[in-house]
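Each chain, letter by letter, is given below.
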Amino acid sequence: MEHVTLLLAVVIATALVFDFTNGFHDTANAMATTISTGALNPKIAVAMSAALNLVGAFLSVEVAKTISGGIVNEDGIRTQVIFAALVGAILWNLVTWLLGLPSSSSHALFGGLIGAAVMSAGTSAVNGDIVITKVLLPAVAAPVVAGLAALVAARLTFRIGRRTDDAATAKGYRAGQIASAALVSLAHGTNDAQKTMGVITLALVTGGVLAPGSNPPVWVIVCSGLAIALGTYIGGWRIIRTMGTGLTDLRPQQGFAAQTSAAISILASSHLGFSLSTTQVCSGAVMGAGLGRKGGVVRWSTATRMAVAWCLTLPAAALVAAGAEFVTGQGTWGIVLVAVVLVAASASIWLAARRRPVTAESVTASPMTSEPAPAPAPVPGAQPARRDEDTGLGATLAGPAPAPPQSAAA
Amino acid sequence: MNIDWASVGSVFGVSLLVTVGLVGLFALGTVGLAKQGSAVLTSAAYACFALCAAAVAYGIYLIVG
């Protein structure tokens, strides 16, 4: 670690921040239905998920060979390109979190890498075919696969239990749901924490600290595991609310069907050579399970906003990353400027979120469709009074649109 | 463009079959226990759970490996 430059230190810190946002963005995948069906108390659910994410980070020594799976040509990639990519991915994760929309953290990272690489080396740095086979096709397939499996499975549970009292079986289904949620958490820790380890290792290699092809040093593994676990424990309650109660209403057997379908689809896809995004699998499974009950409904307005967010993930992260790469390319002052903009943007998103907070206590209280009672102002006087615009931010996707050009211009 | 339709299809098939099979087994076990009937019914229910536990163990094996 003798030659850690300022840029390298900034990249490592940024990668850990991305890992953290990845954790709290994706808590919902494993725990949203577990919380909404009452299988686990919200705080215990996130604590369990965090612990399993941490364990997952240490489980596998097989590091992702490439962080982008061949989408971007990673040979000769420069450290600042990685930094710009992370900036794009983090900002998109935060914006979607503010809106309570589950979106794929991996796609955000891919988008960031694509944008930064194109700005840095031109379009030849990106493999368009792989974008389609690794990003677009899975995005369409994931909800269909997991949704259909969850739908059929949920129907089956109602059919098998049609002569049984719901109350008598609820406990069993809750236990099953916890087990499948645990599997999802573990798989998430192994996959996504490794991704950050891959990013940091790549940065260390490009910075000349590590020899090409090195395994991540132990401190990288420990930091990545801790960052994702901390993010998971903090809990992205806004996204948990959307997934747990905003999309549809789930009973214990549906929650169990959804979570099991998600766990199996994730494991099957990662071991049969066609990777699916955890977020998209879980969202699809929740919708499928929702439709699996007679009279069950999916709130298509929420589902549509989610789908729009999925379509925007890659281009939006790419645009921000391209802007960041352009600015960092101007020299040291550019890197400092991008870092300052990142911190300022993150802080303002966090402040905006505090105006209408969703906490462990209120996460199951009200579905997305009925707006919660005005929350008590957490920090009086800390923000300008623009209370009337809050609802607009939560209700429409138009909110984040200006963000990419802004950062690009910066 | 080279889309590996075979792996798309196998992910689809495996996810659907294993999910439905596993959830079905678990539902049978849960309902069997809830009915509090004969010893046969109860042991059949536990057998269902044992199979589910084996599936979870295989899942963990897949994650670790």
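Residues numbered from 1 in each chain as written. Chains lettered and ligands numbered in written order. Predicted model: local features only at pLDDT ≥ 70, side-chain atom pairs only at ≥ 80, totals over all residues. Heavy atoms only, no water.

A. Fine view of the overall build of chain B. If you tally the helices and strands in chain B, you get two helices and zero strands. The C-alpha atoms of chain B give 16 Å as radius of gyration, which overshoots the globular expectation for 65 residues (11 Å, by more than 25%). Counting across all 65 residues of chain B, residues that qualify as buried make up 32%. Counting every atom, chain B has about 3,500 Å² of accessible surface; 74% of that belongs to carbon and sulfur. (Helix = DSSP H or I, 4+ residues; strand = E, 2+ residues; numbered from the N terminus. Rg over C-alpha atoms; globule rule 2.2 N^0.38 Å. Buried < 20%, exposed > 50% of the residue type's maximum accessible area, 1.4 Å probe, protein only. Areas by Shrake-Rupley, 256 points an atom, 1.4 Å probe, with all protein chains shown as cover.)

B. Representation of the overall build of chain A within the structure. Looking only at helices and strands, chain A has 14 helices and zero strands in total. Overall, chain A shows an N-to-C arrangement of helices and strands of α-α-α-α-α-α-α-α-α-α-α-α-α-α. With 410 residues in all, chain A has 58% of them scored as buried. A separation of at least 24 residues holds for 88% of the contacts in chain A among residues at least 6 apart in sequence. When the accessible surface of chain A is split by element, carbon and sulfur atoms take 66% of a total near 15,700 Å². (Contact = heavy atoms within 4.5 Å.)

C. Local environment of the pattern of salt bridges. Residue and element names in this part refer to chain A. Under the definition given, this model contains three salt bridges over all chains. The closest approach of N and O atoms between K195 and D192, which form a salt bridge, is 3.6 Å. Taken together, the residues span about one helical turn, with K195 and D192 both in helix α6 (residues 166-206) at a distance of three residues. The pair formed by K195 and D192 is uniform in burial state, with each residue classed as buried. Residue D249 is joined to R299 by a salt bridge in which the shortest nitrogen-to-oxygen separation is 3.0 Å. Taken together, the residues D249 in the loop between α8 (237-246) and α9 (252-271) and R299 in the loop between α10 (278-291) and α11 (300-328) connect sequence positions 50 residues apart. (Salt bridge = Lys/Arg side-chain N within 4 Å of Asp/Glu carboxyl O.)

D. Structural context of the interface of chain B and chain A. Taken together, the 32 residues of chain B in the interface contact 41 residues of chain A. Contact between chain B and chain A buries roughly 3,100 Å² in total, counting both sides, with carbon and sulfur atoms accounting for 85%. Where chain B meets chain A, there are zero salt bridges. Counting every contact that joins chain B to chain A gives one residue pair in polar contact (both at pLDDT 80 or more). Mapped by element, the contributors of at least two residues to the side of chain B that touches chain A are α1 (5-35) and α2 (39-64) of chain B. It is α1 of chain B that contributes the most residues to the side of chain B that touches chain A, 22 residues altogether. For the side of chain B that touches chain A, a count of residues per class yields 22 nonpolar, nine polar and one charged. (Buried area = accessible area lost by both parts, 1.4 Å probe. Polar contact = N/O pair within 3.5 Å; in protein donor to acceptor, adjacent residues only side chain to side chain. Nonpolar A, V, L, I, M, F, W, Y, C, P; charged D, E, K, R; others polar.)

E. Inspection of the packing of α6 of chain A against α9 of chain A at higher detail. Residues and elements named next belong to chain A. The N-to-C vectors of α6 and α9 enclose an angle of 25°; their axes lie 8 Å apart at closest approach. With respect to α9, the element α6 is oriented roughly parallel. Like other packed secondary-structure pairs, α6 and α9 cross with a definite hand, here left-handed. Contact with α6, carried on its side by D166, A170, Y173, R174, G176, Q177, S180, A181, L183, V184 and A187, involves P252, Q253, G255, F256, Q259, T260, A262, A263 and I266 of α9 and no other residues of that element. (Axes fitted to C-alpha atoms, helices over the stretch in contact; angles between N-to-C directions. Parallel < 35°, antiparallel > 145°, perpendicular 65-115°, else oblique. Left-handed = near helix turned anticlockwise from the far one by under 90°.)

F. Structural detail: the side chain of T19 of chain B. Among the secondary structure elements, T19 of chain B is positioned in helix α1. A distance of 2.5 Å separates a polar side-chain atom of T19 of chain B from the backbone oxygen of S15 of chain B. Setting aside residues no more than four positions away along its own chain, T19 of chain B makes contact with A149, A153, A257, T260, S261 and I264 of chain A together with V14 of chain B.

G. Up close: the nonpolar core. Within the largest apolar cluster, 113 residues are counted, with the highest numbers of intra-cluster contacts made by I71, V72, I82, L86, V87, W237 and I240 of chain A. Broken down by element, this core gets its largest block of residues, 15 residues, from helix α3 (residues 79-98) of chain A. Of all hydrophobic cores here, the second largest spans eleven residues; its members include F256 and I264 of chain A together with F26 and A27 of chain B. (Core = buried A, V, L, I, M, F, W, Y, C linked by side-chain atoms within 4.5 Å.)

H. A look at the confidence of the model for chain B. On average, residues of chain B score 87 in pLDDT, and 98% of them reach the 70 mark or higher. We note a pTM of 0.84 for the whole complex and an ipTM of 0.92 for its interfaces. (pLDDT = per-residue confidence, 0-100.)

I. The side chain of N93 of chain A, seen in detail. Relative to the assigned elements, N93 of chain A resides in helix α3. Not counting residues within four places of it along the chain, the set of residues in contact with N93 of chain A comprises F18, T21, N22, H25, S105 and A108 of chain A.

J. How the structure looks around the packing of helix α2 (residues 42-59) of chain A against α6 of chain A. All names here are of chain A. Put simply, α2 and α6 touch, their axes get as near as 7 Å, and they point 50° apart. With respect to each other, α2 and α6 are oriented oblique. Our pair here, α2 against α6, has a crossing hand that is right-handed. Between α2 and α6, the residues in contact are M48, S49, L52, N53, V55, G56, A57 and L59 and I178, A182, S185, L186, H188, G189, T190, A193, Q194 and M197, respectively. Here the contact of α2 with α6 is built from residues that sort into ten nonpolar, eight polar and no charged.

K. Inspection of a nonpolar patch on the surface at higher detail. Among the surface-exposed residues, V140, V144, L148 and V152 of chain A together with F12 of chain B lie close enough to one another that they form a single nonpolar patch of about 380 Å² accessible area. Among the secondary structure elements, V140 of chain A is positioned in helix α5 (residues 128-160). On the basis of relative accessibility, which here comes to 56%, the residue V140 of chain A falls in the exposed class. (Patch = residues over 30% accessible without salt bridge, like charges linked within 9 Å, V, L, I, M, F, W, Y side chains within 5 Å.)

L. Focus on helix α12 (residues 332-355) of chain A. The end-to-end C-alpha distance of α12 of chain A, which contains 24 residues, comes to 35 Å, matching closely the 34 Å that a straight helix rising 1.5 Å per residue would cover. For α12 of chain A, every residue scored as buried is listed here: G334, I335, V338, L342, A345, I349, A352, A353 and R355 of chain A. (Expected span 1.5 Å × (residues − 1).)

M. Summary view of the packing of aromatic side chains. Scanning the entire structure with this criterion turns up eight aromatic pairs over all chains. A centroid spacing of 5.9 Å and a plane angle of 40° characterise the contact between Y173 of chain A and F256 of chain A, whose relative ring orientation is tilted. Taken together, the residues span a long stretch of sequence, with Y173 of chain A in helix α6 and F256 of chain A in helix α9 at a distance of 83 residues. Taken as a pair, Y173 of chain A and F256 of chain A share a single burial class, namely buried. Consider the rings of F256 of chain A and F26 of chain B, whose centres lie 4.5 Å apart with planes at 35°: the pair is tilted. (Phe/Tyr/Trp six-rings, centres within 6.5 Å; stacked < 30°, edge-to-face > 60°.)

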